[in-house]
Amino acid sequence: PQTVSVTPEQLTGASIEQRYYLVNPQEKVAAITRLFEMETIDSALVFARTRLGTGELANQLSSRGFAAEPLNGDLSQDARIQVLNRFRAGQVKVLVATDVAARGLDIDDISHVFNFDLPDDPEVYVHRVGRTGRAGREGAAITLPSRPERWMTRGIAEYTRCRMTHAEMPTHQQQYNKHKPGRME
């Protein structure tokens, strides 16, 4: 027998725009809220590191006006199915998930993946961002590292052989101008 191995030029889809915003850890919820208000998001999958973190973040996003629910290993199989059905039906726009809960999800139309917490392993990053930009569609993968985690974004970019663009957080003025009454879209 012979083994043939092909290494792709990049490990993440070319139709996925990948960027990161450096944020202070205590300002992450405010940062993701601002991005939700500025981006055109059809549906989003937000990755948090812990089960407890998924519930807390989903509650914070819901209290800020975004239909969000947690998806983690603490939920029963029936509860997970119900959450996924609400997401597919558009009743919930944001799923906040752990990596374990997100594996094997059969959801095609995720416009944005947010790495609220960075994964420890670059391979997990590839798995996460692969949830968007499917079936010929474009997607966005947005990562929110703190300054000490910058080195992790470089490691991910090197591993995936892709470009992660550093972006500046939109200002309050840009947010106001986007939502200004009478503004044409």
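Presented here is a report on the structure given in the accompanying data block. Predicted model only: the values in this text are computed from it and were never measured.

**Structural notes on the packing of aromatic side chains**
Summed over the entire model, instances satisfying the criterion amount to two aromatic pairs. Seen from their ring centres, F36 and F66 are 5.1 Å apart, and the 80° between their planes marks the pair as edge-to-face. With F36 in helix α1 (residues 28-38) and F66 in the loop between α2 (51-63) and β3 (68-71), this residue pair connects regions lying 30 residues apart in the sequence. An identical accessibility class is assigned to F36 and F66; each is buried. Seen in terms of ring centroids, F36 and F114 are 5.0 Å apart; in terms of plane orientation they differ by 65°. Their pairing is edge-to-face. Of this pair, F36 sits in helix α1 while F114 sits in strand β5 (residues 112-115); the two residues are 78 residues apart in sequence, bridging distant segments of the chain. Taking the relative accessible area as the measure of exposure, F36 reaches 8% and is therefore buried. Judged by its relative accessible area of 0%, F114 is buried. Three or more aromatic residues link up through ring pairs in this structure, and these residues are F36, F66 and F114. Directly above the ring of F116 sits K28, whose terminal nitrogen or CZ lies 5.4 Å from the centroid.

Rules used throughout
- Residues numbered from 1 in each chain as written.
- Predicted model: local features only at pLDDT ≥ 70, side-chain atom pairs only at ≥ 80, totals over all residues.
- Heavy atoms only, no water.
- Phe/Tyr/Trp six-rings, centres within 6.5 Å; stacked < 30°, edge-to-face > 60°.
- Helix = DSSP H or I, 4+ residues; strand = E, 2+ residues; numbered from the N terminus.
- Buried < 20%, exposed > 50% of the residue type's maximum accessible area, 1.4 Å probe, protein only.
- Lys NZ or Arg CZ within 6 Å of the ring centre and 35° of its normal.

Remember that the coordinates give geometry; whether it matters functionally is a separate question.
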